[in-house]
Amino acid sequence: MIRYELLCANDHRFESWFRDSAAYDKMADAGAVECPTCGDRSVRKALMAPRLARRKGQDGPARPPREERAAQVSSAADVPVPQQAAQFPAGNSEKVAEFHRRMSDVLRQVQDAVEKHCDYVGDNFAEEARKIHYGETEARGIYGETTPEEAEELKDEGVSFASIPWRRPVS
C-alpha cells in the first residue's frame, strides 16, 4: 500500500491510500479519484517528503514506517459500531462537506469505542493478534500499529482484523 498527499484543482489537500503507484495512475486517469471537500476529479499528487525511520540503536536497514496510527482490531465482536450509514453525494459541495463532517463524527465514535472496549498493544499488534488467532492467549479485542508488510502477513495467515483510520489528538 502507498499513501499519497493529493491536491485538487481548487487546492484542497487530502491524502489517500492506493495498492501501488500504478493503481493510483489508473484511477486518476479514469477520473475515479475525487476531492472529499469539493468533489473535484482534477487531482494531482502533492510534493511529499519520504518517511524513513530507524529505531534508536537499530542496526541494518531502516524498518518500514508504521501506518499513520491506523488501528488494527482483531476481535471487534464486542465493540459497538455506530449505525450511521451515508451515501457519498456527487457534485454539490455543501453536501460533500456535510458528508465529510458526518464521516469524521462516525470515525471519532469508532475510535472512542475501540479505545474503551479493546486493549492497546502498540507495536506488538501482529504478535498479539497471532497469539489470539492460534489460541495461545485469551480472545479479546486489541488495537495497535503494524507495518503494511505485517498486515499483509496476518491476512495471508487468515488472522481476522481490520484497519481503521486513526484520528490524532488535536494539540
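Residues numbered from 1 in each chain as written. Predicted model: local features only at pLDDT ≥ 70, side-chain atom pairs only at ≥ 80, totals over all residues. Heavy atoms only, no water.

1. A look at unusual backbone geometry
Of note, Asp-11 is a non-glycine position whose phi angle comes to about 60°, a positive value. Positionally, Asp-11 belongs in the loop between strand 1 (2-8) and strand 2 (13-18). Judged by relative accessible area, which is 55%, Asp-11 ranks as exposed. (Helix = DSSP H or I, 4+ residues; strand = E, 2+ residues; numbered from the N terminus. Buried < 20%, exposed > 50% of the residue type's maximum accessible area, 1.4 Å probe, protein only.)

2. A word on the state of the cysteines
In total, this model carries zero disulfides according to the counting rule given. With no disulfide partner, Cys-8 has as its closest neighbouring cysteine sulfur the one in Cys-38, 3.8 Å distant. Taking relative accessible area as the criterion, Cys-38 reaches 16% and is therefore assigned buried. (Disulfide = S-S within 2.5 Å.)

3. Regarding the sheet that holds strand 3 (residues 43-45)
The antiparallel open sheet is built from three strands, whose spatial order is 2-1-3. Unpaired on one side and paired on the other, strand 2 and strand 3 mark the two borders of the sheet. Adjacent strand axes in the sheet meet at a mean angle of 40° when their direction is disregarded. Both strand 1 and strand 3 contribute to a ladder of three bridges, which runs antiparallel. Each bridged residue has a counterpart across the sheet, and for Leu-6 the counterpart in strand 3 is Lys-45. (Pairing = 2+ DSSP bridges. Axes fitted to C-alpha atoms, helices over the stretch in contact; angles between N-to-C directions.)

The values are spatial; any link to function lies outside them.
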